[in-house]
Amino acid sequence: DDQIDLVCRVIEGNAKLESLEVHFFKAEVLKAISTNMHLKTLWIFDCDCHFPMLASCISNLPSLKSLMLRDVTLSEGSVSHLIAALPPQLATIQLSLNIGLRFGCADVISLLRRSNMQKISILHNIDYSDGELREMLFLLERHSSLTDIGLPINLNYLLDHDSWSL
């Protein structure tokens, strides 16, 4: 369609484009986005994404520092693959996915192990065992560059259980 072609040409043709916000999903647009070597900020809203295409796009952005996915629908089990596809220079991630399930603690731990992360915001309940919660808190305590964190950790659980300790 002509409008999608125009959007793709704008994205591909603008060598100085550093920030992009899209509110829809078309495979052609993700392909165009993945060609932008200077894109530092990518926000994707309200879409049902074909996961392999999204992961490929994100992993091919050498300058990407900030990623927000808000009301993005991914298939069950694809969150771990998305986290694995994140480029190493990424410093900010904000996730509010339409996944219909709880967020896996291993994925949060994977993000916390990235020493360059400055902001992590996950708007999902997180499934965790006592051991995983200890590891998350240990990583949070020792993270050297994290300045902004948004994780739904149930502090009442920690405060109400005498048997729980670091």
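Residues numbered from 1 in each chain as written. Predicted model: local features only at pLDDT ≥ 70, side-chain atom pairs only at ≥ 80, totals over all residues. Heavy atoms only, no water.

**Student:** Before we move on, can you summarise the overall build of the protein with the specific residues and values?
**Tutor:** Within the protein, the regular secondary structure consists of seven helices and eight strands. Looking at the protein as a whole, 44% of its 166 residues are labelled buried. Considering only contacts within the protein whose residues lie at least 6 apart along the sequence, 63% involve residues at least 24 apart. Of the roughly 8,800 Å² that the protein leaves accessible, carbon and sulfur atoms contribute 50%. (Helix = DSSP H or I, 4+ residues; strand = E, 2+ residues; numbered from the N terminus. Buried < 20%, exposed > 50% of the residue type's maximum accessible area, 1.4 Å probe, protein only. Contact = heavy atoms within 4.5 Å. Areas by Shrake-Rupley, 256 points an atom, 1.4 Å probe, with all protein chains shown as cover.)

**Student:** I'd love a proper account of the side chain of His143, names of residues and values included.
**Tutor:** As for its position among the elements, His143 is in the loop between α6 (130-142) and β8 (148-150). Taking the relative accessible area as the measure of exposure, His143 reaches 12% and is therefore buried. Within the structure, His143 has its side chain in polar contact with the backbone oxygen of Leu112 (distance 3.5 Å). Polar side-chain contacts of His143 include one of 2.9 Å to the backbone oxygen of Arg114. The residues touching His143, leaving out its near neighbours within four places in the chain, are Leu112, Arg114, Ser115 and Met117. (Polar contact = N/O pair within 3.5 Å; in protein donor to acceptor, adjacent residues only side chain to side chain.)

**Student:** Can you tell me about the packing of helix α5 (residues 105-112) against α6, naming the residues and giving the values?
**Tutor:** Any two packed helices are characterised by how steeply their axes cross, that is the angle between the axes, and by the distance between the axes. One way to put it is that α5 packs onto α6 with a least axis distance of 10 Å and a crossing angle of 20°. Relative to α6, the element α5 lies roughly parallel. Judged by the twist between their axes, the crossing of α5 over α6 is left-handed. The segment α5 lies against α6, with Cys105, Ala106, Val108, Ile109 and Leu112 engaging Glu132, Glu135, Met136, Leu139 and Leu140. Tallied by class, the residues present in the contact of α5 with α6 amount to eight nonpolar, no polar and two charged. (Axes fitted to C-alpha atoms, helices over the stretch in contact; angles between N-to-C directions. Parallel < 35°, antiparallel > 145°, perpendicular 65-115°, else oblique. Left-handed = near helix turned anticlockwise from the far one by under 90°. Nonpolar A, V, L, I, M, F, W, Y, C, P; charged D, E, K, R; others polar.)

**Student:** Go over the packing of aromatic side chains, please, and point to the residues and values.
**Tutor:** Counted according to the given criterion, the structure contains one aromatic pair. Measuring from centroid to centroid gives 6.2 Å for Trp43 and Phe45, while their planes differ by 80°, and the two rings are edge-to-face. (Phe/Tyr/Trp six-rings, centres within 6.5 Å; stacked < 30°, edge-to-face > 60°.)

**Student:** Account for the packing of helix α3 (residues 51-59) against helix α4 (residues 78-85), with residues named and values stated.
**Tutor:** Viewed as axis vectors pointing N to C, α3 and α4 meet at an angle of 15°, and their least axial separation amounts to 9 Å. One element, α3, and the other, α4, form an angle in the roughly parallel class. When you trace α3 past α4, the crossing you get is right-handed. Counted together, Phe51, Leu54, Ala55, Ile58 and Ser59 of α3 and Ser78, His81, Leu82 and Ala85 of α4 form the full contact between these two elements.

**Student:** Describe the environment of Leu30, with residues and values.
**Tutor:** Locating Leu30 in the fold gives a position in helix α2 (residues 27-33). The class of Leu30 is buried, set by a relative accessible area of 4%. Remark: the alpha-carbon pair of Leu30 and Met53, spanning 23 residues in sequence, is separated by 7.1 Å. Once you skip the residues sitting within four places of it in the chain, Leu30 turns out to touch Phe25, Ile44, Met53, Leu54 and Cys57.

**Student:** An account of the sheet that holds strand β2 (residues 41-48) is requested, with residue identities and associated values reported.
**Tutor:** Sheet architecture is open: six strands sit in the order β1-β2-β3-β4-β6-β8, paired in parallel fashion. Only two strands of the sheet have a single partner each, and these edge strands are β1 (19-22) and β8. For this sheet, the mean angle separating the axes of adjacent strands, direction not counted, is 5°. In this structure, strand β3 (residues 66-73) lies alongside strand β4 (residues 92-97), joined through six bridges in parallel fashion. Residue Leu69 lies in a different strand from β4, and its bridge partner there is Leu95. Sheet contacts for α5: β4, β6 (119-122) and β8; angle to β6, the most-contacted strand, approximately 165°. (Pairing = 2+ DSSP bridges.)

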